[in-house]
Amino acid sequence: MTVRSILDEKGRNVITLGVSTSVTDALKLLEEKAIGVILITNSEGRLEGILSERDIVRSLARGGTGILSDSVASHMTRNVVTCSQSDAVIGVMEVMSKGRFRHLPVTDNSKLVGLISIGDVVKRRLQVVEKEAEDIRSYISAI
Ligand code: AMP
C-alpha cells in the first residue's frame, strides 16, 4: 500500500501561499480551508517551506502579536521532509512519528503533487486492517 493510493482517494489539490504573504493572511486561509498547514512556494512554484498552526502558535508565544504582520517566510520551517507517491504508507508513518510532524508533502521530480496528513495515513491503515480482519473471518467461516 503506497502514498499513491491515499492521493487517489483524497485528491491531489495542495494549498500553497507565496513567501511574502503575511502571517495574518496565512491564518485566515488555515481557518477558511479548515487545514493545519500551508505549503509555502516561491514564484516558480517550488517548495520553500511549510507553515503549520504550531509554528504560528510558537511564534506568537515568543514574539507577541507583532509577528502577525511578518511574512510567512520568517516563521515557516525551511527543511521540509517530503515523500513520493511510490513510498509505502507504513514507511511514511514512521517518518512522521520520528520527525514529530503530522504532514508530508508529496513530490515527483521536485514538483509538488499532493500532501498527506497523519489523519489520511491512519484512515488508510484502518481500512487495510479492517479488510484483513474481514478476509480472515470469511476464511475461517469457510473451513
Ligand atoms: P505539524 O505537526 O505537521 O503541524 O508540524 C509540527 C512542526 O513540524 C512545525 O514546525 C512544522 O513546520 C513542521 N513540519 C510539518 N511538516 C513537516 C515536514 N514534512 N517536514 C519538515 N517539517 C515539518
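Before reading further, recall that the structure is shown in the block above.
Residues numbered from 1 in each chain as written. Predicted model: local features only at pLDDT ≥ 70, side-chain atom pairs only at ≥ 80, totals over all residues. Heavy atoms only, no water.

S.K.: Help me get a handle on the layout of surface pockets, residues and values and all.
M.R.: In this structure, the largest pocket spans a volume of roughly 310 Å³. Around the largest pocket sit 16 residues that line it, and Ile 50, Ser 52, Thr 77, Arg 100 and Phe 101 are the ones nearest its centre. Elements that contribute at least two residues to the lining of the largest pocket include exactly strand 3 (47-52), helix 3 (53-63) and strand 4 (103-108). The greatest single-element share of the lining of the largest pocket, amounting to three residues, is contributed by helix 3. (1 Å grid on protein atoms, 1.4 Å probe; cavity = no way out; pocket = protein on both sides within 12 Å on 5 of 7 lines; lining within 4 Å. Points joined across faces, edges and corners; volume = space filled by probe spheres on them. Helix = DSSP H or I, 4+ residues; strand = E, 2+ residues; numbered from the N terminus.)

S.K.: Please provide a residue-by-residue account of helix 2 (residues 23-33), values included.
M.R.: Here helix 2 has its buried residues at Val 23, Ala 26, Leu 29 and Leu 30. Around the axis of helix 2, the buried residues are gathered within 120° of arc, so they sit on the same side. Facing away from the buried side of helix 2 by over 90 degrees, the exposed positions are Lys 28, Glu 31 and Glu 32. The elements touched by buried residues of helix 2 are strand 1 (16-18), strand 2 (37-41), strand 3 and helix 3. (Buried < 20%, exposed > 50% of the residue type's maximum accessible area, 1.4 Å probe, protein only. Arc of directions from axis to C-beta. Contact = heavy atoms within 4.5 Å.)

S.K.: Residues and numbers for the nonpolar core, please.
M.R.: In this structure, Leu 17, Ala 26, Ile 38, Ile 40 and Leu 51 are the most contacted members of the largest nonpolar core, which totals 13 residues. At the level of elements, helix 2 and strand 2 are the ones that each hand at least two residues to this core. Considering every element that reaches this core, the biggest residue donor is helix 2, with four residues. Dropping the residues within four chain positions of it, Leu 51 is found in contact with Ala 26, Gly 36, Val 37, Ile 38, Ile 40, Ile 56, Val 72, His 75 and Met 76. (Core = buried A, V, L, I, M, F, W, Y, C linked by side-chain atoms within 4.5 Å.)

S.K.: Break down the site of the ligand for me, with residues and values.
M.R.: The ligand sits among 13 residues. The nearest are Ser 52, Asp 55, Thr 77, Arg 102 and His 103. One of the side-chain nitrogen or oxygen atoms of Thr 77 is found 2.6 Å away from an oxygen atom of the ligand. Take His 103: an N or O atom from its side chain is 2.7 Å from an oxygen atom of the ligand. When the ligand sits alone it has 480 Å² of accessible area, and the protein chains cover 94% of it. Of the pockets mapped on this structure, the ligand occupies the largest pocket. Mapped onto the shell around the ligand, the elements with two or more residues apiece are strand 3, helix 3 and strand 4. In terms of residue class, the shell around the ligand is made up of six nonpolar, four polar and three charged. (Near = heavy atom within 4 Å. Polar contact = N/O pair within 3.5 Å; in protein donor to acceptor, adjacent residues only side chain to side chain. Areas by Shrake-Rupley, 256 points an atom, 1.4 Å probe, with all protein chains shown as cover. Sits in = over half its atoms within 2 Å of the grid points. Nonpolar A, V, L, I, M, F, W, Y, C, P; charged D, E, K, R; others polar.)

S.K.: An account of the environment of Arg 12 is needed here, citing residue identities and associated values.
M.R.: On the secondary structure map, Arg 12 appears in the loop between helix 1 (3-10) and strand 1. Along the backbone, Arg 12 and Gly 114 are 102 residues apart, and their C-alpha atoms lie at a distance of 4.6 Å. With residues up to four places along the chain from it excluded, the contact list for Arg 12 reads Arg 4, Leu 7, Gln 85, Val 113 and Gly 114. Of the polar contacts made by the side chain of Arg 12, one reaches the side chain of Gln 85; its length is 2.8 Å.

S.K.: I'd love a proper account of the packing of helix 1 against helix 5 (residues 118-142), names of residues and values included.
M.R.: Contact pair helix 1 / helix 5: the axes reach a minimum separation of 10 Å and the direction vectors enclose 105°. By the angle class used here, helix 1 and helix 5 are roughly perpendicular. Of helix 5, the residues touching helix 1 (which contributes Ser 5, Ile 6, Glu 9 and Lys 10) are Asp 120, Val 121, Lys 123, Arg 124 and Gln 127. Looking at the contact of helix 1 with helix 5 residue by residue, the class counts come to two nonpolar, two polar and five charged. (Axes fitted to C-alpha atoms, helices over the stretch in contact; angles between N-to-C directions. Parallel < 35°, antiparallel > 145°, perpendicular 65-115°, else oblique.)

Scope: geometric values only; no functional claims are made or implied.
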